[in-house]
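Breakdown of the fold
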Amino acid sequence: GVLMACPMSLYLEQELDKRFKLFRFWAQPSRQEFLKNHAESIRAVVGNATAGADAELIDALPKLEIVSSFSVGLDKIDLNKCKEKGIRVTNTPDVLTEDVADLAIGLMLAVLRRICECDKYVRKGMWKTGNFKLTNKFSGKTVGIIGLGRIGLAVAKRAEAFDCPIRYYSRSVKPNTNYKYHSSVVDLASNCDILVVACALTPETRHIVNREVIDALGPKGVLINIGRGPHVDEPELVSALVEGRLGGAGLDVFEQEPEVPEQLFGLDNIVLLPHVGSATVETREVMADLVIGNLEAHFLKKPLLTPVV
Ligand code: 8YV
């Protein structure tokens, strides 16, 4: 049996149903009762950015062999526990990189050029009675990227096409780029106009954007988060935006999804998205195929397509 941790893709559900005995964890009236009756038959868990396999679930599934995640991020999976128990883990890297990087650029443009606000202005019929206020230029702005991995690099490449100088922070200097390296996030934030969070969420990167970083970015700076909500100290971000200490923000992720701080709803210098970085028809289908491909490879004792553990 395969246990799906939460709803993520109808196509994936259909394809899993065709191949395995699929259990939908979210549809169980009682999870405890469900585990009592079915724990022994579950050999795989399918998770995502919302729910994966924490220590408790792993311990409750004695026959678990593999966790196949419908996400590139692995923060909802207890990787150490999987290693310890010899449970394999796979994710969906590469296939979503372009979409997430595209969305990061979209957020930069939307925040600086006020695209969402402009759209409302037209829809409300306000164009007839006035002129929209001037916005801010994107081309040529310095873009600072936290985490120059697959997604960070794809953002950099796109921003370069807009003549944006690129700077980055990561644990160590990346050998194959000429982008300017900063050894601290505060230093990076002090030296860029737009700061993008593009690293993995780990205990070390939790709240990597804290008050000090936000203040370094400053009243003209823009924060773009296409990583994970907990990368940013959200109450600090909210007060900085409300008090005008930060110029703007484009946020695809939040600390307590789907909860979004209501103080943000009244601000027009921010764009709020419901975690849609990889949410295109094309990419979600490829992600689903990769989840299934990994499960099939595992059960056929073939090499996994995208192994993590
Ligand atoms: C999805 C993601 O939101 O890949 C990730 O890490 O956050 C996204 O692709 C999610 O996993 C889809 O359900």
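Residues numbered from 1 in each chain as written. Predicted model: local features only at pLDDT ≥ 70, side-chain atom pairs only at ≥ 80, totals over all residues. Heavy atoms only, no water.

1. Some points on the packing of aromatic side chains
Enumeration over the complete set of coordinates arrives at six aromatic pairs. A ring pair is formed by Tyr121 and Phe132, whose centres lie 5.1 Å apart and whose planes are at 85°; its orientation type is edge-to-face. Taken as a pair, Tyr121 in helix α6 (residues 115-123) and Phe132 in the loop between α6 and β6 (143-146) lie far apart in primary sequence, 11 residues in all. A residue is classified by how much of its surface remains accessible, and Tyr121, at 12% relative accessible area, is buried. The aromatic ring of Phe23 is capped on one face by Lys21, whose charged end is 4.9 Å from the ring centroid. (Phe/Tyr/Trp six-rings, centres within 6.5 Å; stacked < 30°, edge-to-face > 60°. Helix = DSSP H or I, 4+ residues; strand = E, 2+ residues; numbered from the N terminus. Buried < 20%, exposed > 50% of the residue type's maximum accessible area, 1.4 Å probe, protein only. Lys NZ or Arg CZ within 6 Å of the ring centre and 35° of its normal.)

2. As for the sheet that holds strand β9 (residues 194-197)
Strand order in the open sheet formed by seven strands is β8-β7-β6-β9-β10-β11-β12, and the pairing between neighbours is parallel. Looking at which strands have only one partner, the edges of the open sheet turn out to be β8 (180-182) and β12 (270-272). Ignoring which end each strand starts from, the neighbouring axes of this sheet average 20° apart. (Pairing = 2+ DSSP bridges. Axes fitted to C-alpha atoms, helices over the stretch in contact; angles between N-to-C directions.)

3. Focus on the site of the ligand
Around the ligand lies a shell of 13 residues, among which Asn48, Val72, Arg228, His275 and Ser278 are the nearest. In the environment of the ligand, an oxygen atom lies 2.7 Å from a nitrogen or oxygen atom belonging to the side chain of His275. Separating an oxygen atom of the ligand from a side-chain N or O atom of Ser278 is a distance of 2.7 Å. Considered on its own, the ligand offers 330 Å² of accessible surface; in the complex 91% of this is hidden by protein. Taken together, the residues of the shell around the ligand break down into six nonpolar, five polar and two charged. (Near = heavy atom within 4 Å. Polar contact = N/O pair within 3.5 Å; in protein donor to acceptor, adjacent residues only side chain to side chain. Areas by Shrake-Rupley, 256 points an atom, 1.4 Å probe, with all protein chains shown as cover. Nonpolar A, V, L, I, M, F, W, Y, C, P; charged D, E, K, R; others polar.)

4. Quick look at the nonpolar core
With 51 residues, the main nonpolar core has Leu12, Met108 and Val143 as its most contacted residues. The element best represented in this core is helix α5 (residues 97-112), accounting for nine residues. Three or more residues apiece are contributed to this core by two domains, here domain 1 (2-93 + 280-299) and domain 2 (97-272). When residues no more than four places from it in sequence are discounted, the contact partners of Val143 are Met108, Phe138, Ala159, Cys164, Pro165, Ile166, Arg167, Cys192, Ile194 and Val196. (Core = buried A, V, L, I, M, F, W, Y, C linked by side-chain atoms within 4.5 Å. Domains from an automatic or database assignment. Contact = heavy atoms within 4.5 Å.)

5. Focus on the domain arrangement of the protein
With domains assigned, the protein is organised as domain 1 (2-93 + 280-299) and domain 2 (97-272). Taking only C-alpha atoms into account, the centre of domain 1 sits 31 Å from that of domain 2. Between domain 1 and domain 2, the contact holds seven residues from the first and five residues from the second. Both faces combined, the contact of domain 1 with domain 2 buries some 510 Å², and carbon together with sulfur accounts for 46% of it. Area buried by domain 1 at its contact with domain 2 is led by Val72, Asp75 and Pro93, which between them contribute 61% of it. With its nearest N and O atoms 2.9 Å apart, the salt bridge here joins Arg228 to Asp75. At the boundary of domain 1 with domain 2, the tally comes to three residue pairs in polar contact (both at pLDDT 80 or more). Within the side of domain 1 that touches domain 2, the residues separate by chemical class into three nonpolar, three polar and one charged. (Buried area = accessible area lost by both parts, 1.4 Å probe. Salt bridge = Lys/Arg side-chain N within 4 Å of Asp/Glu carboxyl O.)

6. Digging into the sheet that holds strand β1 (residues 2-4)
By definition, the strands of a sheet pair up through backbone hydrogen bonds, in either a parallel or an antiparallel sense. Taken in spatial order, the five strands line up as β2-β1-β3-β4-β5 in an open sheet, and their pairing is parallel. Unpaired on one side and paired on the other, β2 (22-24) and β5 (88-90) mark the two borders of the sheet. Strand after strand, the sheet turns through a mean of 20° between neighbouring axes, direction not considered. As judged from the three bridges shared by β1 and β2, these two strands associate in the parallel manner. Opposite Leu3, over in β2, you have Phe23 as the bridge partner. Strands β1, β3 (44-47), β4 (66-69) and β5 of the sheet are contacted by helix α11 (residues 281-299), whose axis makes an angle of about 160° with β4.

7. With respect to the pattern of salt bridges
When the charged atoms of two side chains with opposite charge come close together, those side chains can pair. Taken as a whole and assessed by the stated rule, the structure comprises 21 salt bridges. Taking the shortest distance from any N to any O, the salt bridge between Asp268 and Arg114 comes out at 3.3 Å. Residue Asp268 is located in the loop between β11 (248-251) and β12, and its partner Arg114 is located in the loop between α5 and α6; the two are separated by 154 residues in the primary sequence. For Asp268, a relative accessible area of 42% corresponds to the partly exposed category. One salt bridge connects Arg123 with Asp119, and the closest N-O pair in it is separated by 2.5 Å. Here Arg123 and its partner Asp119 are both found in helix α6, four residues apart, which amounts to about one turn of the helix. For Arg123, a relative accessible area of 68% puts it in the exposed group.

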